[in-house]
Amino acid sequence: MVSTAPLLRLLTAIDRRRMKLLMALALAAYVASVWGNFINMRSIQDNGDQKVESKIEEAVAPLREKIRDLEKRKRNVEHWIGHENFELINHDVVEPLYVEVDQIYHLASPASPPNYMYNPIKTLKTNTIGTLNMLGLAKRVGARLLLASTSEVYGDPEVHPQNEDYWGHVNPIGPRACYDEGKRVAETMCYAYMKQEGVEVRVARIFNTFGPRMHMNDGRVVSNFILQALQGEPLTVYGPGTQTRAFQYVSDLVNGLVALMNSNVSSPVNLGNPEEHSILEFAQLIKKLVGSGSEIQFLSEAQDDPQKRRPDIKKAKLLLGWEPVVPLEEGLNKAIHYFRKELEYQANNQYIPKPKPARIKKGRTRHN
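The structure contained in this document is the topic of the report that follows. Keep in mind that this is a model prediction, so the values were computed, not measured.

Moving on, we come to the overall build of the chain. From N to C terminus, the chain includes 10 helices and 10 strands. Counting all 368 residues of the chain, 39% fall into the buried class. In the chain, of all internal contacts separated by at least 6 residues, the share reaching a separation of at least 24 is 84%. About 21900 Å² of surface is accessible on the chain, with carbon and sulfur atoms providing 55% of the total.

Printed below as a string of structure tokens:
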């Protein structure tokens, strides 16, 4: 029988040497880290207090913006505070919600491309986990759920105008996919719960909507153009401006949502204004309504930006008796009046909002 003791002693010695080497490397890394931090602090100190203040301001600025956003949202509903039928609950739909309700209008999701592309994972969670939570709530309390879906489920459409039978043309890995595909799977979830659990669902495919109380610097075309025109800045058009959109006023949308919720229509329904305009025409119209001398500035085209967008609303007309009634110019004048008042308010509070370009949240670099 061969003795294993020498072999074990050899392995033990190797392990001890390896452990010592690892400890030495860890100590060296720690010393390097401490020294690096010390050098950085000395560098900041040598450059003076101004650089320190600049770094503090850089860190605090996003927090100030969030506080202003919260104040803005509170002012949007302050006229309802105290009403016997109104209660405001601050809740993230990604977490389960336990309330007693008869109807659920599931509107949760950022809709502005700069916002939903900034945090695509949160956008996906809101549209998937959030929808599951709302469907779970509807199942528990026997409520009817209306999903605020979107014309984005049609992607960059190959069918024009878009009707509810069209399956869409969506890039599943593009920068807009977190929103487009998030809404598409949310629709799938609704019909899975309807078929398997008997949950009553309504699905509204909402086309571009605007009006008072929309976020001034959310990066969407209406708010961007109005804000730029009011401030005398160039109106930024991405691409040649030939891409088209259909804009509906917010009160028309609200009436459509209520009509759909209280109908017997369980299949998807388009809610939008079939009056189609190119982005360039729209920019020129806002310039005229504002009375602005702003020039129109053309920037590089955004990736996966749909070239055509116009709803076919025959279904809404036939089954809901609904169609938009507010003329585009009338709605825009109301939105412009609101934005002008907001700019005055913000100026008195020494904060001037700027249109927000598309931005991508920084993440960790991965190597394939």
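What follows concerns the packing of aromatic side chains. When we look at a pair of aromatic rings, we describe it by the centre distance and by the angle of the planes. Evaluation of the coordinates by the stated rule reveals 7 aromatic pairs. Here Tyr-154 and Phe-207 contribute two aromatic rings whose centre-to-centre distance is 6.2 Å and whose plane-to-plane angle is 35°, an arrangement assigned as tilted. Of the two residues, Tyr-154 sits in the loop between strand S2 (144-150) and helix H5 (177-197) while Phe-207 sits in the loop between strand S3 (201-206) and strand S4 (209-210), which places them 53 residues apart along the sequence. Of the two residues, Tyr-154 and Phe-207, both sit in the buried class. Between Phe-225 and Phe-282, the aromatic rings sit 6.3 Å apart at their centres with planes inclined by 40°, giving tilted as the arrangement.

According to the stated counting rule, one finds 14 salt bridges in the structure shown. With its nearest N and O atoms 3.0 Å apart, the salt bridge here joins Arg-184 to Glu-181. Here Arg-184 pairs with Glu-181, and both are found in helix H5, just 3 residues apart, close to one helical turn. Looking at Glu-181, the relative accessible area reads 23%, which means it is partly exposed. Put simply, Lys-317 and Glu-323 hold a salt bridge, and the shortest N to O gap is 3.7 Å. Lys-317 sits in the partly exposed class, given a relative accessible area of 43%. If you follow the salt bridges from partner to partner, you end up with Glu-152, Arg-176, Arg-245, Asp-305 and Arg-309 in one network.

What follows concerns the packing of helix H4 (residues 120-141) against H5. For the pair H4 and H5, interaxial distance at closest approach is 9 Å and the crossing angle is 15°. In terms of orientation, H4 and H5 fall into the roughly parallel class. The two elements H4 and H5 meet at a crossing, and its hand is right-handed. Contacts between H4 and H5 involve Pro-120, Thr-123, Leu-124, Asn-127, Thr-128, Thr-131, Leu-132, Leu-135, Gly-136 and Lys-139 from the first element and Cys-178, Tyr-179, Gly-182, Lys-183, Val-185, Ala-186, Met-189, Cys-190, Tyr-193 and Glu-197 from the second. For the contact of H4 with H5, the residue count by class is 11 nonpolar, 6 polar and 3 charged.

Residues Tyr-105, Leu-107, Val-250, Val-254 and Val-258 make up a contiguous nonpolar surface patch of roughly 370 Å² in combined accessible area. Broken down by element, the residue count for the nonpolar patch peaks at 3 residues, all from helix H7 (residues 250-261). On the accessibility criterion, Tyr-105 (32% relative accessible area) is partly exposed.

This brings us to the side chain of Asn-273. Relative to the assigned elements, Asn-273 resides in the loop between strand S8 (269-271) and strand S9 (276-278). Residue Asn-273 is classed as buried on the basis of its relative accessible area, which comes to 9%. Polar side-chain contacts of Asn-273 include one of 3.4 Å to the backbone oxygen of Phe-247. Within the structure, the side chain of Asn-273 is placed 3.0 Å from the backbone nitrogen of Glu-275, a separation counted as a polar contact. If near-sequence neighbours (up to four positions away) are discounted, Asn-273 is found in contact with Ala-246, Phe-247, Gln-248, Pro-311, Pro-324 and Val-326.

Spatial ordering of the open sheet is given by S1-S2-S3-S8, a layout of 4 strands whose pairing is parallel. For this open sheet the edge positions go to strand S1 (103-106) and S8, each flanked by a neighbour on one side alone. Neighbour to neighbour, the strand axes of the sheet diverge by 25° on average, direction disregarded. Bridge count for S1 against S2 is 4 bridges, and the pairing is parallel. Residue pairing in the sheet places Tyr-105 in a bridge with Leu-146 of S2.

Criteria and cut-off values
Residues numbered from 1 in each chain as written. Predicted model: local features only at pLDDT ≥ 70, side-chain atom pairs only at ≥ 80, totals over all residues. Heavy atoms only, no water. Helix = DSSP H or I, 4+ residues; strand = E, 2+ residues; numbered from the N terminus. Buried < 20%, exposed > 50% of the residue type's maximum accessible area, 1.4 Å probe, protein only. Contact = heavy atoms within 4.5 Å. Areas by Shrake-Rupley, 256 points an atom, 1.4 Å probe, with all protein chains shown as cover. Phe/Tyr/Trp six-rings, centres within 6.5 Å; stacked < 30°, edge-to-face > 60°. Salt bridge = Lys/Arg side-chain N within 4 Å of Asp/Glu carboxyl O. Axes fitted to C-alpha atoms, helices over the stretch in contact; angles between N-to-C directions. Parallel < 35°, antiparallel > 145°, perpendicular 65-115°, else oblique. Left-handed = near helix turned anticlockwise from the far one by under 90°. Nonpolar A, V, L, I, M, F, W, Y, C, P; charged D, E, K, R; others polar. Patch = residues over 30% accessible without salt bridge, like charges linked within 9 Å, V, L, I, M, F, W, Y side chains within 5 Å. Polar contact = N/O pair within 3.5 Å; in protein donor to acceptor, adjacent residues only side chain to side chain. Pairing = 2+ DSSP bridges.

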